[in-house]
Amino acid sequence: MDMLLTGEPITAEAALKGGLVSRVVTTEELEEETIRIAGVIAEKSKPVVKLGIQNFNRQIRSSLEEAAYMSADTMIENLDMLHGREGINAFIEKRHPNWD
């Protein structure tokens, strides 16, 4: 809240502690960690990732109540998708999903 009201910057550690960022890495680790995360995302279902990003972008412009309803709708939409069902089946069967 301080940063919002005062405009003063905060440390990376404070941003991490406050949940503003997912992780903090050194400048030397940045490229390697970025490539690692991109690789993890690339292994996921493209339609499911796209759906999640679209939902997130809608939520940030909504009230908490509206965002909760949007998330519920998105989960249902995900279950209707072939890739959504494949992801759940792979989890249940303890195997890697096949996105082909």
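Residues numbered from 1 in each chain as written. Predicted model: local features only at pLDDT ≥ 70, side-chain atom pairs only at ≥ 80, totals over all residues. Heavy atoms only, no water.

Undergrad: How should I be thinking about the overall build of the chain in this particular structure?
TA: Looking only at helices and strands, one finds six helices and zero strands in the chain. Counting from the amino terminus, the chain carries its helices and strands in the arrangement α-α-α-α-α-α. Taken over the C-alpha trace, the chain has a radius of gyration of 18 Å; the compact-globule value for 100 residues is 13 Å, which it surpasses by more than 25%. Expressed as lengths along the three principal axes of its C-alpha atoms, the size of the chain is roughly 45 × 40 × 20 Å. Intrachain contacts of the chain at a sequence separation of at least 6 include 25% that bridge at least 24 residues. Of the accessible surface of the chain, which amounts to about 8400 Å², a share of 61% is contributed by carbon and sulfur atoms. Where the 11 positive side-chain charges of the chain centre and where its 17 negative ones centre are 7 Å apart. (Helix = DSSP H or I, 4+ residues; strand = E, 2+ residues; numbered from the N terminus. Rg over C-alpha atoms; globule rule 2.2 N^0.38 Å. Contact = heavy atoms within 4.5 Å. Areas by Shrake-Rupley, 256 points an atom, 1.4 Å probe, with all protein chains shown as cover. Lys, Arg positive; Asp, Glu negative; His and termini not counted. Charge placed at Lys NZ, Arg CZ, Asp CG, Glu CD.)

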